[in-house]
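Chain by chain, the residues:
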Amino acid sequence: MSLPDTISAPHFDRVAFKVKRTFATLAADGRSANIKFTPNEQELKCMVAPEIFRAIDNGWGRQGWTTMTLASANEADIVAALELAHVHAVAKK
């Protein structure tokens, strides 16, 4: 919520974080978050830190949506992922 212009809203069984568009969702149990990367960013994150990041196994995943396991991530990992996704959410198409 500390990222500029971010709001939260219910999103099915999750909480969505968005500016112009949704860039992350948090699971109801707080154990994972889905983060919107570009497909190239997703590939790199999943390759470098597979214990933290994994592509969602469906069409959303092919668009860059990636699950982050929060227990495996440190604060720097979480902040970096959210900041990167936030940049894309505020950029104009």
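So, how was this worked out
Residues numbered from 1 in each chain as written. Predicted model: local features only at pLDDT ≥ 70, side-chain atom pairs only at ≥ 80, totals over all residues. Heavy atoms only, no water. Helix = DSSP H or I, 4+ residues; strand = E, 2+ residues; numbered from the N terminus. Rg over C-alpha atoms; globule rule 2.2 N^0.38 Å. Buried < 20%, exposed > 50% of the residue type's maximum accessible area, 1.4 Å probe, protein only. Contact = heavy atoms within 4.5 Å. Areas by Shrake-Rupley, 256 points an atom, 1.4 Å probe, with all protein chains shown as cover. Lys, Arg positive; Asp, Glu negative; His and termini not counted. Charge placed at Lys NZ, Arg CZ, Asp CG, Glu CD. Patch = residues over 30% accessible without salt bridge, like charges linked within 9 Å, V, L, I, M, F, W, Y side chains within 5 Å. Salt bridge = Lys/Arg side-chain N within 4 Å of Asp/Glu carboxyl O. Pairing = 2+ DSSP bridges. Core = buried A, V, L, I, M, F, W, Y, C linked by side-chain atoms within 4.5 Å. pLDDT = per-residue confidence, 0-100.

A. Here's a closer look at the overall build of the protein chain. The helix and strand tally for the protein chain stands at three helices and six strands. Listing the helices and strands of the protein chain from first to last along the sequence gives β-β-β-β-α-β-α-β-α. Computed over the C-alpha atoms, the radius of gyration of the protein chain is 12 Å, within 12% of the 12 Å expected from 2.2 N^0.38 for a compact globule of 93 residues. The C-alpha extent of the protein chain, read off along each of the three principal axes, is 30 × 30 × 25 Å. Relative to its 93 residues, the protein chain shows a buried fraction of 38%. Intrachain contacts of the protein chain at a sequence separation of at least 6 include 44% that bridge at least 24 residues. Accessible area for the protein chain stands at about 5,900 Å²; split by element, carbon and sulfur atoms hold 57% of it. One way to put it: in the protein chain the 11 positive side-chain charges average out to a point 10 Å from where the 10 negative ones average out.

B. Broad picture of a nonpolar patch on the surface. Together, Leu44, Met47 and Val48 give the surface a local cluster of nonpolar side chains, amounting to about 340 Å² of exposed area. Within the secondary structure, Leu44 sits in helix α1 (residues 39–48).

C. Highlighting the pairing of strand β4 (residues 32–36). Of all five residues in β4, four are buried; the element is thus mostly enclosed. Across three bridges, the pairing between strand β3 (residues 22–27) and β4 is antiparallel. Paired with Thr25 across the two strands is Asn34, which belongs to β4. Two successive antiparallel strands, β3 and β4, enclose a turn made up of four residues, where Gly30 displays a positive phi of approximately 75°. Of the strand pairs in this sheet, β4 and strand β6 (residues 65–69) are connected by five bridges, and their pairing is antiparallel. Looking at β6, one finds that Ile35 is bridged to Thr66.

D. Geometry of the environment of Lys20. Of note, Lys20 is situated in the loop between β2 (14–18) and β3. You can call Lys20 exposed: its relative accessible area is 55%. Along the chain, Lys20 and Thr6 lie 14 residues apart, while their C-alpha atoms are 8.7 Å from each other.

E. Looking closely at the nonpolar core. If you look at the biggest cluster of nonpolar residues, it comprises 18 residues, and the most contacted ones within it are Phe23, Ile35, Ile52, Phe53, Met68 and Ala81. At the level of elements, β3, β4 and α3 (75–90) are the ones that each hand at least two residues to this core. When residues in this core are grouped by element, the largest group, three residues, is from α3. If sequence neighbours within four positions are ignored, Met68 has contacts with Arg31, Ser32, Ala33, Ile35, Ile52, Phe53, Ala73, Asp77, Ile78 and Ala81.

F. Spotlight on the confidence of the model for the protein chain. Across the protein chain, the average pLDDT comes to 92, with 97% of residues at or above 70. Element-level mean pLDDT values for the protein chain span from 77 in strand β1 (residues 7–11) up to 98 in β6.

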